[in-house]
Amino acid sequence: MSSQKTRPERRAARKSATSLDAFLGGRIDIVQPRGGHRAGSDAVFLAAGVPARPGERVLDVGAGVGVAGLCLLARVSALEVTAVEIDEELCALADENAERNGVSASFRIVNADVMGSAKSHRDAGLVREGYDHVIANPPFYAEGSVRRAPGEARASAHVMSAGALAGWVRFLTSYAAPKGRLTLIHRADHLGEVLRLLERRFGDLAVFPLFPKLGDPATRIIVQGRKGSRAGIRLLQGLVLHESDGSYTEVAEAVLRGGAALPLGAQMK
């Protein structure tokens, strides 16, 4: 008799270690770990910035439990989303989340290491230059700057080793279709490194800052570009997230609760 657990048994074993969280004002429900890496507003803002159209193919890199891809599918249903994640447990949760939200036919999770070999990526079913949009929410912290989370795969969701961001950019470039769009979110203090790595790979770059409150420095930036373009960089007005009393601004609320898009290039108040 096989000792392999069935899908319901695996889900029961995970239940005590996970939470069920509503995103987009309850339009989607997400099961994710109670500890370790947890998806939040960054994934929602990333999805909101992707200018995807029905029928296009999207590659979500470092997908975690699938929040960005699932938020995007909630806004543009007729997409084909492939999500790449190194952590097998998070892959299982992403698969469950796609089923829970009724989009399994449009969402596929791939257990793969961005820093792995080209052969391993082919074996996983990834298609070079095969995606109209490549999107990413890379680990934000440099190795040694923060305490690592327990478990190597889980820690990799938070911490990026020296030089690894360059590997992520090479991966994103390889899998973006000719003239395909890149959209990524990162810490604002990494903007210089991000732009340097994207140079000669993606042009027509738009930098969209996210400010905690009016007058505060930006803490996040969304960067978007087109593969192979020679157009220059546009620094956009960006978005203020919170009013002085801590409540979300009207536009931030529309994105986080209503699933609205962020049209990068338009000025937003």
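Numbering of residues starts from 1 in each chain and follows the order in which that chain's sequence is written. Given that the model is predicted, a residue must reach a pLDDT of at least 70 before its local features are reported, and side-chain atom pairs must reach 80 or more before they are shown or counted; all residues, however, enter totals for whole chains, interfaces and linings. By convention in this description, side-chain values take in all heavy atoms of the structure and omit both hydrogens and water.

Digging into the overall build of the chain
Then, number 1: Across its full length, the chain holds nine helices and 13 strands.
Then, number 2: Exposure categories follow from relative accessible area, calculated using a 1.4 Å probe and restricted to protein chains: below 20% of the type maximum is buried, above 50% is exposed, and the middle band is partly exposed. Residues counted as buried form 47% of the 269 residues belonging to the chain.
Then, number 3: Only heavy atoms enter the contact rule, under which two residues are in contact if any of them lie within 4.5 Å. Pairs at least 24 residues apart make up 69% of the contacts formed inside the chain by residues separated by at least 6 positions.
Then, number 4: Accessible areas in this description were obtained via Shrake-Rupley with a 1.4 Å probe; residue shielding takes into account the shown protein chains only. When the accessible surface of the chain is totalled, it reaches about 13,000 Å², and 50% of it is carbon and sulfur. Helix numbering and strand numbering both begin at the N terminus, where a helix is a DSSP run of H or I of at least 4 residues and a strand a DSSP run of E of at least 2.

Points about the packing of helix H2 (residues 41–48) against helix H3 (residues 67–75)
Then, number 1: Lines fitted to C-alpha atoms define the axes, with helix axes restricted to the stretch in contact, and inter-axis angles between N-to-C directions lie between 0 and 180 degrees. It is at 8 Å that the axes of H2 and H3 come closest, and there the two elements cross at 45°. With respect to each other, H2 and H3 are oriented oblique. Where H2 crosses over H3, the handedness of that crossing is right-handed. Residues Ala43, Val44, Leu46, Ala47 and Ala48 of H2 form the contact with H3, whose participating residues are Val67, Ala68, Cys71, Leu72 and Arg75.
Then, number 2: Residues are grouped as follows: nonpolar covers Ala, Val, Leu, Ile, Met, Phe, Trp, Tyr, Cys and Pro; charged covers Asp, Glu, Lys and Arg; every other residue, Gly included, is treated as polar. Looking at the contact of H2 with H3, its residues break down into nine nonpolar, no polar and one charged. Under this scheme an angle from 65 to 115 degrees is roughly perpendicular, one under 35 degrees roughly parallel, and one over 145 degrees roughly antiparallel; angles in between are oblique. Whether a crossing is left-handed or right-handed is set by the direction in which the near helix is turned from the far one by less than a right angle, anticlockwise for left-handed and clockwise for right-handed.

Some details on the packing of aromatic side chains
Aromatic ring pairs: the centre-centre distance and the angle between the two ring planes describe each pair.
Then, number 1: Each Phe, Tyr or Trp ring, with Trp reduced to its six-membered ring, pairs with another whose centre is within 6.5 Å; inter-plane angles below 30 degrees give stacked pairs, above 60 give edge-to-face pairs, and intermediate values give tilted ones. Taken as a whole and judged by the stated rule, the model has one aromatic pair.
Then, number 2: A centroid spacing of 4.7 Å and a plane angle of 40° characterise the contact between Phe171 and Tyr175, whose relative ring orientation is tilted. With Phe171 and Tyr175 both in helix H7 (residues 164–175), this residue pair falls four residues apart, about one helical turn. Take Phe171 and Tyr175: they sit in the same class, and that class is buried.
Then, number 3: By definition, being over a ring means that NZ of Lys or CZ of Arg is both within 6 Å of the ring centre and within 35 degrees of the ring normal. The ring of Tyr131 has Arg57 sitting right over it, with the charged end atom 5.0 Å from the ring centre.
Then, number 4: Its guanidinium or amino end placed over the ring of Tyr175, Arg128 lies 6.0 Å from that ring's centre, counting from NZ or CZ.

Quick notes on the side chain of Gln224
Then, number 1: Summarising the element assignment, Gln224 is placed in strand E11 (residues 220–227).
Then, number 2: Here a polar contact is recorded for every N or O atom pair within 3.5 Å, except that within protein the pair must consist of a potential hydrogen donor and a potential acceptor, and residues adjacent in sequence are included only if both atoms are side-chain atoms. Separated by 2.9 Å, the side chains of Gln224 and Thr183 make a polar contact.
Then, number 3: Look past the residues within four positions of Gln224 in its chain and what remains in contact with it is Gly49, Val50, Pro51, Arg181, Leu182, Thr183, Asp204, Leu205, Ala206 and Leu264.

Some details on the environment of Leu235
Then, number 1: Locating Leu235 in the fold gives a position in strand E12 (residues 233–235).
Then, number 2: Each C-alpha atom, one on Leu235 and one on Ala206, is 6.1 Å from the other, the two residues being 29 residues apart in sequence.
Then, number 3: Among all residues touching Leu235, those that are not within four sequence positions of it are Val207 and Pro209.

Things to note about the confidence of the model for the chain
Then, number 1: For every residue, the predictor reports its confidence as pLDDT, a number between 0 and 100. Across the chain, the average pLDDT comes to 89, with 84% of residues at 70 or higher.
Then, number 2: Low pLDDT (under 50) marks residues 152–158, which in the prediction has 22 contacts with non-local residues, meaning those over four places away or in another chain.

A few points about the pattern of salt bridges
Then, number 1: Salt bridges are defined by distance alone: a side-chain nitrogen of Lys or Arg within 4 Å of a carboxyl oxygen of Asp or Glu. This model, assessed by the stated rule, comprises 12 salt bridges.
Then, number 2: Ionic pairing is found between Glu80 and Arg57, a salt bridge with its closest N-O pair at 3.4 Å. Of this pair, Glu80 sits in strand E4 (residues 80–85) while Arg57 is found in strand E3 (residues 57–61), placing the two residues 23 residues apart along the sequence.
Then, number 3: Between Asp204 and Arg181 there is a salt bridge; the shortest N-O distance is 3.5 Å. With Asp204 in strand E10 (residues 202–213) and Arg181 in strand E9 (residues 176–187), this pair connects stretches of sequence that are 23 residues apart. By the burial criterion, Asp204 is buried, and Arg181 matches it.
Then, number 4: Each member of the salt-bridge network shares a partner with another, and the members are Arg181, Asp204 and Arg234.

Here's the deal with helix H8 (residues 191–198)
Then, number 1: Regarding H8, the residues found buried are Val194, Leu197 and Leu198. Axial view of H8: buried residues confined to an arc of 95°, hence all on one face. Of the exposed residues in H8, the ones pointing more than 90 degrees away from its buried face are Gly192 and Arg196.
Then, number 2: Residues of H8 that are buried make contact with H7, E9, E10 and E11.
Then, number 3: Of the residues one or two after H8, Arg200 is the one with positive phi, at around 70°. As used here, the arc belongs to the directions running from the helix axis to the C-beta atoms.

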